[in-house]
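For reference, the chains in residue letters:
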Amino acid sequence: HVENLPLDFIIVGASTGQMDNFINKFLVMPHWRGVFIEPDQVNFSMLKEEFAKYNIVASSERAFFVHSAISSLCVGDRISFYKPIPSKTNQDNVSHAVLHELGTINKGLLENTVKYMLEPSKYTSAEVSVPCQSMARIIQAANAYFLQNATSLFTRHLLYNASEYLTFVPMVIRVDTEGHD
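Residues numbered from 1 in each chain as written. Predicted model: local features only at pLDDT ≥ 70, side-chain atom pairs only at ≥ 80, totals over all residues. Heavy atoms only, no water.

Let's shift gears to the sheet that holds strand S4 (residues 69-70). Hydrogen bonds along the backbone pair up the strands of a sheet, which may run parallel or antiparallel. Strand order in the open sheet formed by 3 strands is S4-S6-S5, with mixed pairing between adjacent strands. In this open sheet, the two strands that pair with only one neighbour each are S4 and strand S5 (78-86). The sheet contact formed by S4 and strand S6 (residues 123-133) spans 2 bridges and is parallel. Of the residues in S6, the one forming a bridge with Ala69 is Cys132. Each of S5 and S6 is contacted by helix H4 (residues 107-116), which is oriented at about 10° to S5, the strand it contacts most. Running over the sheet, helix H5 (residues 135-148) touches S4 and S6 and is turned about 60° from S6. (Pairing = 2+ DSSP bridges. Helix = DSSP H or I, 4+ residues; strand = E, 2+ residues; numbered from the N terminus. Contact = heavy atoms within 4.5 Å. Axes fitted to C-alpha atoms, helices over the stretch in contact; angles between N-to-C directions.)

Quick look at the structure:
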C-alpha cells in the first residue's frame, strides 16, 4: 500500500485545496511531502488557509506552497492568466468550480469555455499577471526548502534511509489545468 510509504508529489493547479480527495489523504499521511502550485492569488490564499486548519503551514516540513503558473512561455517571471468573472447579476448563482477551478494561461480556451459551457451573457474574462516558473525551477526550490525545513527528518519513520528521504523526488505529478495548458 502506497499509503504506508514515503511519497513525494506535486499538484499543479492545487486550487483552494477544498473538495480534493488526494489533498485530504495527504493531510492524514505524515510521511507524504507535497508541492502545491496555484497561480490564482485568491485560490492560493484559500489553499494556505485550508492547510492551516490542519496545522500544515508555510513553515511545514511536509508542504511547499508555490504561487505561480508553470510554463516555458514566461515573460521574465510573469505570464497572463485568464479566469471567468461573473456579471453583477449572476454572482449569487456561481458554483465553486467556476469561481475557483477555471483558470488558464490560454485566453482562447477560456473564451471557448465561456462561450460553449457557460452562459456568455453572465460572464466576462479577466486577465491577471501572475508569477511564472519552469517545473525544474520549482523542483529545485522544493529540494532546497525541504532540506532547510527537515527538522525532525521524519523520525517516526526511521525504517527508511533518512538521507534518501531528504531529497525531494516527485513520484506523482498531478496536473489539473483544465487539460489544455
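Back to the text.
Helix length check: helix H2 (residues 41-52), at 12 residues, gives a terminal C-alpha distance of 17 Å against a target of 16 Å (1.5 Å per residue), a fit within 8%. Residues of H2 that are buried: Asn43, Phe44, Leu47, Glu50 and Phe51. Summarising the axial view, the buried residues of H2 lie within an arc of 120°, below the 170-degree limit, and thus occupy one face. (Expected span 1.5 Å × (residues − 1). Buried < 20%, exposed > 50% of the residue type's maximum accessible area, 1.4 Å probe, protein only. Arc of directions from axis to C-beta.)

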